[in-house]
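# Coordinate analysis (summary)
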Amino acid sequence: EAQVTQNPRYLITVTGKKLTVTCSQNMNHEYMSWYRQDPGLGLRQIYYSMNVEVTDKGDVPEGYKVSRKEKRNFPLILESPSPNQTSLYFCASSPKQGRYYGYTFGSGTRLTVV
Amino acid sequence: GNSVTQMEGPVTLSEEAFLTINCTYTATGYPSLFWYVQYPGEGLQLLLKATKADDKGSNKGFEATYRKETTSFHLEKGSVQVSDSAVYFCALSDQGNYGGSQGNLIFGKGTKLSVKP
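The rules behind the values
Residues numbered from 1 in each chain as written. Chains lettered and ligands numbered in written order. Predicted model: local features only at pLDDT ≥ 70, side-chain atom pairs only at ≥ 80, totals over all residues. Heavy atoms only, no water. Helix = DSSP H or I, 4+ residues; strand = E, 2+ residues; numbered from the N terminus. Rg over C-alpha atoms; globule rule 2.2 N^0.38 Å. Buried < 20%, exposed > 50% of the residue type's maximum accessible area, 1.4 Å probe, protein only. Contact = heavy atoms within 4.5 Å. Pairing = 2+ DSSP bridges. Disulfide = S-S within 2.5 Å. Polar contact = N/O pair within 3.5 Å; in protein donor to acceptor, adjacent residues only side chain to side chain. Buried area = accessible area lost by both parts, 1.4 Å probe. Salt bridge = Lys/Arg side-chain N within 4 Å of Asp/Glu carboxyl O. Nonpolar A, V, L, I, M, F, W, Y, C, P; charged D, E, K, R; others polar. Core = buried A, V, L, I, M, F, W, Y, C linked by side-chain atoms within 4.5 Å.

The subject of this paragraph is the overall build of chain A. The secondary structure content of chain A amounts to zero helices and 11 strands. Relative to its length of 114 residues, chain A is compact, with a C-alpha radius of gyration of 13 Å against a globular reference of 13 Å. If one aligns the C-alpha atoms of chain A with their principal axes, the spans along those axes are about 40 × 30 × 25 Å. Taking all 114 residues of chain A together, the buried fraction comes to 49%. Of the contacts formed within chain A by residues at least 6 apart in sequence, a portion of 54% connects residues at least 24 apart.

Pasting the structure below:
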């Protein structure tokens, strides 16, 4: 089944403790992206990657890191999480970067930083 | 800059009622337009899309027409069901200057739909 898999689904952590949210896709997609979803703000893009070793900032990159060492994986790293990063996170992928393609989304990771 | 504005929710309808969720956009060039749906506890799923003016996207009884003259992409369904209860997001994928494609999705804030039996 074609899908984007995120782990974990739920995570509660403490301020300052480094964490990684994994994202993997099995569709050989070139383009991957991370979004956060907050009430009243909709979805905002954190980082995106057009292909292996090519990443760029989205609208809200502060406090986050990403890497794209393999085509299928695009982990999101929070080096020192803070409470304002409590949110619902989605990973998404697309065949290529381009306006003709829709995205496939993962099921989300609900992160709480206390 | 590019942006998407959609009607505030929540929208509450009775089963078999007609649905319209308004969406307007601001963009340079010729964006593609999308509707995504998010069921409770799940990720977003692509519902329909249109890539040029006057295109009509349709899926599962939902329709939306790309109206460049009014910069709109309103979502409609003739007869909603309880199972349509979800949050609906309008989005655009921009086209850069000189025909280049950025391709990053810009979302509206979402409209929550509740359908009562």
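All names here are of chain A. If you walk across this open sheet you meet the four strands as 1-3-8-7, and the pairing is antiparallel. Both outer strands of the open sheet, strand 1 (4-7) and strand 7 (65-66), are each paired with one neighbouring strand and no more. Sheet topology places strand 7 next to strand 8 (residues 76-78); two bridges connect them, and they run antiparallel. Of the residues in strand 8, the one forming a bridge with K65 is I77.

Note that the residue after N7 of chain A, namely P8 of chain A, is joined by a cis bond; omega there is -5 degrees. Tracing the backbone shows P8 of chain A in the loop between strand 1 and strand 2 (10-13). Residue P10 of chain B follows G9 of chain B across a cis peptide bond; omega there is -5 degrees. Tracing the chain through its elements places P10 of chain B in the loop between strand 1 (3-6) and strand 2 (11-14). Phi is positive for T71 of chain B, which is not a glycine, with a value near 40 degrees. Locating T71 of chain B in the fold gives a position in the loop between strand 8 (62-65) and strand 9 (75-77).

Here we come to the state of the cysteines. Considering all chains together, one arrives at two disulfides over all chains under this definition. Linked covalently through their sulfurs, C23 of chain A and C91 of chain A form a disulfide whose S-S length is 1.9 Å. As the torsion about the S-S bond is roughly -75 degrees, the C23 of chain A-C91 of chain A disulfide counts as left-handed. Linking C23 of chain A in strand 3 (residues 19-25) with C91 of chain A in strand 9 (residues 87-94), this pair joins segments that are 68 residues apart in sequence. One exposure class covers both C23 of chain A and C91 of chain A, and it is buried. Each sulfur in the disulfide pair C23 of chain B and C90 of chain B lies 2.0 Å from the other. Residues C23 of chain B and C90 of chain B are joined through a disulfide that is left-handed, its torsion about the S-S bond being -70 degrees. Here C90 of chain B lies in strand 10 (residues 86-95) and C23 of chain B lies in strand 4 (residues 23-26), a separation of 67 residues in the sequence.

Before going further, it helps to examine the side chain of S24 of chain A. All names here are of chain A. Position of S24 among the secondary structure elements: in strand 3. Reaching out from S24, the side chain makes a polar contact with the side chain of N73 at a distance of 3.1 Å. Those residues in contact with S24 that sit more than four places away from it in its chain are Q3, V4, T5, R72 and N73.

Here the focus is the interface of chain B and chain A. With 25 residues of chain B at the contact, the number on the chain A side is 22 residues. Considering only the side of chain B, the residues that lose the most area to chain A are L44, N104 and F107 of chain B, jointly responsible for 26% of the buried surface there. Summed over the shared surface of chain B and chain A, the number is zero salt bridges. Remark: the boundary between chain B and chain A carries six residue pairs in polar contact (both at pLDDT 80 or more). Only strand 5 (32-38), strand 6 (44-50), strand 10 and strand 11 (101-107) of chain B provide two or more residues apiece to the side of chain B that touches chain A. No other element matches strand 11 of chain B, which puts six residues into the side of chain B that touches chain A. The class makeup of the residues in the side of chain B that touches chain A is nine nonpolar, 12 polar and four charged.

The next point concerns the nonpolar core. By size, the foremost hydrophobic cluster in this structure holds 26 residues, and its most contacted members are W35, L47, L48, F73, L75 and Y88 of chain B. Where this core is concerned, the elements lending two or more residues are strand 2, strand 3 (19-21), strand 4, strand 5, strand 6, strand 8, strand 10 and strand 12 (111-116) of chain B. Element by element, the count of residues in this core is highest for strand 10 of chain B, at four residues. Beyond its immediate sequence surroundings of up to four residues, L48 of chain B is in contact with L33, F34, W35, G57, S58, N59, F62, E63, A64, F73 and L75 of chain B. I46, V60, Y89 and V113 of chain A belong to the second largest nonpolar core, which has 18 residues in total.

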